[in-house]
Amino acid sequence: MKRIAVIPGDGIGIDVTREAVKVIETITQVTGTRVELVHFDYGAEKYLREGISLPEGMLETFRREYDAIFLGALGDPRVPDMKHAADILFGLRFGLDLFANVRPIKLLHPKLTPLKNCTEKDLNFTVVRENTEDMYVGIGGFFKKNTDDEVAIQESINTRKGVERVIEFAFKLAEAEGATTLTMSDKSNALRYGHDLWQRVFEIVGKRYPHIKQNHWYIDALSMQMVKKPSQFKVVVTSNVFGDIVTDLGAQLQGGLGLAASANINPNGVCMFEPVHGSAPKYAGKNVANPFGAILTVQLMLEHLGYKTEGRLIENAVRHCIVEDQTTQDLGGPLSTVEAGNAVCHAIRAQA
Ligand SMILES: NC(=O)c1ccc[n+]([C@@H]2O[C@H](COP(=O)([O-])OP(=O)(O)OC[C@H]3O[C@@H](n4cnc5c(N)ncnc54)[C@H](O)[C@@H]3O)[C@@H](O)[C@H]2O)c1
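All of these numbers come straight from a predicted model, not from anything done at the bench.

(A) Region of the structure containing the site of the ligand. Neighbouring the ligand are 19 residues; Gly75, Gly258, His277, Gly278 and Asn290 lie closest to it. When the residues that make up the shell around the ligand are grouped by side-chain class, the tally is 10 nonpolar, 7 polar and 2 charged.

(B) Here's a closer look at the packing of helix 1 (residues 12–31) against helix 10 (residues 308–323). Their axes nearest at 11 Å, the elements helix 1 and helix 10 cross at an angle of 120 degrees. Of the possible angle classes, the one that applies to helix 1 and helix 10 is oblique. Here helix 1 runs over helix 10; the crossing is right-handed. Taking contact as the criterion, the partners of Val23, Ile27 and Thr31 in helix 1 are, on helix 10, Thr309, Glu310, Leu313 and Ile314. Split by residue class, the contact of helix 1 with helix 10 holds 4 nonpolar, 2 polar and 1 charged.

(C) Spatial organisation of the environment of Gly332. By secondary structure assignment, the location of Gly332 is in the loop between helix 10 and helix 11 (337–351). With 312 residues separating them along the chain, Gly332 and Ala20 place their C-alpha atoms 21 Å apart. Beyond its immediate stretch of four places on either side in the chain, Gly332 contacts Asp325 and Thr327.

(D) Spatial organisation of the sheet that holds strand 2 (residues 35–39). Strand order in the open sheet formed by 10 strands is 2-1-3-12-11-4-5-10-8-9, with mixed pairing between adjacent strands. Taken across any chain shown, the strands that pair with only one partner, and hence form the sheet edges, are strand 2 and strand 9 (213–218). Sheet twist, expressed as the mean angle between neighbouring strand axes with direction ignored, is 25 degrees. The strands touched by helix 8 (residues 240–254) are strand 4 (100–106), strand 5 (124–130), strand 8 (181–186) and strand 10 (235–238); relative to strand 5, the strand with the most contacts, the crossing angle is about 155 degrees.

(E) The arrangement of the environment of Pro334 in detail. With respect to the helices and strands, Pro334 occurs in the loop between helix 10 and helix 11. Among the residues examined, Pro334 registers 11 C-beta atoms within 10 Å and is labelled exposed. Separated by 46 residues in the primary sequence, Pro334 and Val288 have C-alpha atoms spaced 9.9 Å apart.

(F) Broad picture of the domain arrangement of the protein chain. Taken as a whole, the protein chain is organised into domain 1 (1–98 + 266–352) and domain 2 (100–259). Distance between the C-alpha centres of domain 1 and domain 2: 23 Å. Contributions of two or more residues to the side of domain 1 that touches domain 2 are made by helix 4 (83–95), helix 9 (292–304) and helix 10. A per-element tally of the side of domain 1 that touches domain 2 places helix 10 first, with 4 residues. Looking at the side of domain 1 that touches domain 2 residue by residue, the classes come out as 11 nonpolar, 4 polar and 4 charged.

Reading the values: the criteria
Residues numbered from 1 in each chain as written. Predicted model: local features only at pLDDT ≥ 70, side-chain atom pairs only at ≥ 80, totals over all residues. Near = placed C-beta within 6 Å. Nonpolar A, V, L, I, M, F, W, Y, C, P; charged D, E, K, R; others polar. Axes fitted to C-alpha atoms, helices over the stretch in contact; angles between N-to-C directions. Helix = DSSP H or I, 4+ residues; strand = E, 2+ residues; numbered from the N terminus. Parallel < 35°, antiparallel > 145°, perpendicular 65-115°, else oblique. Left-handed = near helix turned anticlockwise from the far one by under 90°. Contact = placed C-beta atoms within 7 Å. Pairing = 2+ DSSP bridges. Buried ≥ 20, exposed ≤ 12 C-beta atoms within 10 Å, placed from the backbone. Domains from an automatic or database assignment.

Encoded structure:
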């Protein structure tokens, strides 16, 4: 029995998580896999009502009592400074030391990509984004704020330990996936300190994996190559900010943000799984958001928990729905969020 904390969050996070939960329930009915879901209402609504974002002690509870966390999305225009979202999202990522953000860029059907003559085998790689350092740690400050002489400083942190563990993780992932190549991407030609460290550590760790081909692209060139010849990539490892950006590019190559899934991993602890997209406030509660990114995130989560067959059932079901145009409007289909979720559940049952 696995115990999963479910945090729908805000906006369309709530809409897509409902469908993700339906898929988990269908999987448990079809396969007999035993999963306990425990729901948490952390998000803007609770924050505005009670002033609580992520209650004290919850990280310890998640660590001790849960096997995984599923998160919808965070962000609400009523909280313009995003305080609750930062507390919850960064609270989980930093607090649980989820240092590897794993984001598959996987084309499920050629009709979904804007790339010409690109098939499923041409676009199938994984980006490992460092998830606990760089500019997102919130170190910096203002000087002479709101004057003409204002200075704003945002520090980028790169530690030896942080860079080494994420590169090592990427090599291990490449090994586990049978990938022959690992690509490291940085901007070491311009960022002469932080990314010099990435260069040196990549070389050192790479010596432990002589059987994996190692190559390097500057991040601007990587973006170009992702469009020009994506088939060259198997596993890509990069820093937090660059990983954030290139995975949005990757999401569009695979069919849009509504399809992109991600895992936040600490190999020695409880991990958190979330679709890549945000809370898209303009679509919130309108039953139009694409739930496939959240559903494919369930696949990542179940596979991480050791349920490989169950994960495969989910991916096959989503592929089937795409082939049959049983999709939401962003993918050109006629379905609502709820109908698209139902279609996936139906396709899972049909395989049983
Ligand atoms: N991890 C997270 O929780 C996370 C990630 C990104 C953004 N955010 C937050 O979400 C809020 C909105 O941010 P944003 O508009 O920049 O990004 P967003 O991902 O919410 O939406 C951007 C656009 O992508 C499309 N889109 C995204 N998800 C979709 C889906 N499931 N189905 C169909 N179309 C979809 C929509 O056109 C949408 O307008 C902000 O508050 C932002 O800070 C949160």
